[in-house]
Amino acid sequence: MIVDRAELVAEAIRSGTLAGLPGGHFIDGRFVESVSGRRMESFDPGRGKAFATVAAGDGADIDRAVAAARAALSGPWSRLSPAARGEILMRASRLIAERAARFAVVETLDSGKRLAEAEGDVGGVVKAFAYYAGAADKLHGDSMPLGPDHVGLTIEEPVGVAAQVVPWNYPLSTAARGIAPALAAGCTLVVKPAEQTPFTTLMLAELLDEAGLPAGVLNVVAGTGTDAGAALVAHPGIDHITFTGSVATGQRVMRAAAEHVTRLVLELGGKSPLVVLADCDLDAAVAGIMEAIFENAGQICSAGSRLIVEEAIAAPLLERLVASAQALRPGHGLGDAGIGPINSPAQLARVAGHVDRARAAGNRILTGGAIVPPEECGGGWFYQPTIVLADGPDDPLVQEEIFGPVLTVQVIPDFEAAIAAANATSYALVAGIYTRDHARAWRYARAVDAGQVYINEFFAGGIAMPFGGNRKSGFGRAKGMAGLRSYCKLKSVVARI
Ligand code: NAD
């Protein structure tokens, strides 16, 4: 199997695919076909063509996977010390680093994202496994002072079988930020990757097996949300769900979880504000906004998709942003493009629909605003980097997540208006601000409703910083020690002595 980066890229460009991709579900330590025998195609969004097939799972495959995960919960896995669990995670971290190029090229083929971004994602996954490897034996409870006749303490226990449902925009990194802490905590898992992007999660399961994970501890079932996802979240054999995806599906998952009172973390959408005050470092702000909205072609839950700019600086800022957006050349993720494709024709149509409606409503489109003709970009699914002026706080451009390379601009008179605008949607995932005035930056950080706030660098942080939303962006936190605790149940023990 090829592992060299240049050879992998050449092979993927020449053949349109890669040899050695996993083709089955990973259940009880091995790859298996679906009970039904059905398979589905996976598409390269940069070319708009299928490049591989994979097993298409349903309730019968979920049943097998949950049975394997339940059995593994009381198998050899339960007898490993936390430090031994950490050693497996550390071995996995090193193996991912060794095979980073292969993971990244497969991620680019499957999701469409630019190779440099996929490499960044894989680097983050190496760090995530190392972080939770180190955390596995530091997950301790407290002792409580109850007086001379009692001893009271708390124990963090693994929650049991964890289900994880993953979207297509960050397939490997989203799967890893659930799998690594769940394993560190001592849980077993059934993971359902998005139907558009199953491969890197299946590769990760195989790699963890090689790193020493006992059979059945991590199971991955590929399939659609309707066939496999719905069966997983409704299964009575799971103890916890981590769901990452849209608000509409999250609401369905929440209803399914209610049936068995299953614990739930919801990581949903966003319409995150990025405030730029007149006193900012303009170069840093331009660079930050470009990354916040055009990275992964805007298909990021935490994208800075709503620019809230102080009137005094709006004209020069917008002029620079328009020029930068027009300089981004769309192209295949394995080439040297400035912006990659949209993951599916359905998502491309959704993005175009939002912008077409804004145009019809009279919104001013400063740049972009159209699908790139497929013949101009190798047949793939691309949308032009777009900047559009919003028309008041009730404008759908302000309120609705687009999940594409579309920046909505709100011009406001001053700092107080910026805070009000930032908080005026039903989402509350992340928020950013660019200003040289740190007192105002910290006032904003406290006043804005968001799970993460970035001051003078959007997307700053890493695996140590808890991540998640409020309101319709969901609840619960991934990453950091909070992410680890989401896979634990706390037991209080009191003894009379
Ligand atoms: P989606 O909700 O359509 O699908 C997400 C996952 O849910 C997929 O694996 C899908 O197969 C599965 N699914 C679909 N129906 C299901 C059902 N009835 N029961 C169980 N599972 C089901 O979302 P999407 O379009 O793939 O992803 C984009 C959305 O995800 C955006 O709204 C984005 O903001 C959000 N997102 C949030 C975060 C976060 O951390 N907050 C991260 C990434 C993406």
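Residues numbered from 1 in each chain as written. Predicted model: local features only at pLDDT ≥ 70, side-chain atom pairs only at ≥ 80, totals over all residues. Heavy atoms only, no water.

## Re the nonpolar core
Okay, so step 1: Judged by nonpolar contacts, the single largest core of 69 residues is most densely connected at Ile96, Phe129, Ile179, Leu183, Leu204, Leu208 and Leu218.
Okay, so step 2: Per-element accounting of this core gives the leading share, 10 residues, to helix α6 (residues 115–135).
Okay, so step 3: Residues contacting Phe129, with those up to four places away along its chain left out, are Leu89, Ala92, Ser93, Ile96, Ala176, Ile179, Ala180, Leu204 and Leu208.
Okay, so step 4: Membership of the second largest hydrophobic core comes to 49 residues, among which are Ala303, Val309, Ala352 and Trp381. (Core = buried A, V, L, I, M, F, W, Y, C linked by side-chain atoms within 4.5 Å. Buried < 20%, exposed > 50% of the residue type's maximum accessible area, 1.4 Å probe, protein only. Helix = DSSP H or I, 4+ residues; strand = E, 2+ residues; numbered from the N terminus. Contact = heavy atoms within 4.5 Å.)

## Observations concerning the domain arrangement of the protein
Okay, so step 1: Taken domain by domain, the protein holds domain 1 (5–268 + 474–493) and domain 2 (273–462).
Okay, so step 2: Taking the mean C-alpha position of each, domain 1 and domain 2 sit 30 Å from one another.
Okay, so step 3: With 28 residues of domain 1 at the interface, the matching set in domain 2 holds 27 residues.
Okay, so step 4: Roughly 2,100 Å² is buried in total at the junction of domain 1 and domain 2, and carbon and sulfur atoms are behind 59% of that figure.
Okay, so step 5: On the domain 1 side of the contact with domain 2, Pro45, Arg114 and Trp168 bury the most area, a combined 26% of that side's loss.
Okay, so step 6: Inspection of the domain 1/domain 2 interface yields 0 salt bridges.
Okay, so step 7: Scanning the region where domain 1 abuts domain 2 turns up 8 residue pairs in polar contact (both at pLDDT 80 or more).
Okay, so step 8: Among the secondary structure elements, those contributing two or more residues to the side of domain 1 that touches domain 2 are α1 (5–15), β3 (39–44), α5 (100–111) and α6.
Okay, so step 9: Sort the elements by how many residues they give to the side of domain 1 that touches domain 2 and α5 lands first, with 5 residues.
Okay, so step 10: Taken together, the residues of the side of domain 1 that touches domain 2 sort by class into 12 nonpolar, 8 polar and 8 charged. (Domains from an automatic or database assignment. Buried area = accessible area lost by both parts, 1.4 Å probe. Salt bridge = Lys/Arg side-chain N within 4 Å of Asp/Glu carboxyl O. Polar contact = N/O pair within 3.5 Å; in protein donor to acceptor, adjacent residues only side chain to side chain. Nonpolar A, V, L, I, M, F, W, Y, C, P; charged D, E, K, R; others polar.)

## Some thoughts on the site of the ligand
Okay, so step 1: What surrounds the ligand is a group of 29 residues, the closest being Val166, Lys192, Glu195, Leu268 and Glu401.
Okay, so step 2: At a separation of 2.6 Å, an oxygen atom of the ligand approaches a polar side-chain atom of Glu401.
Okay, so step 3: Considering the ligand on its own, with 850 Å² of exposed area, one finds that the protein chains cover 89% of that surface.
Okay, so step 4: Each residue belonging to the shell around the ligand can be placed in one class, and the counts come to 14 nonpolar, 9 polar and 6 charged.
Okay, so step 5: Two domains each put at least three residues into the shell around the ligand: domain 1 (5–268 + 474–493) and domain 2 (273–462). (Near = heavy atom within 4 Å. Areas by Shrake-Rupley, 256 points an atom, 1.4 Å probe, with all protein chains shown as cover.)

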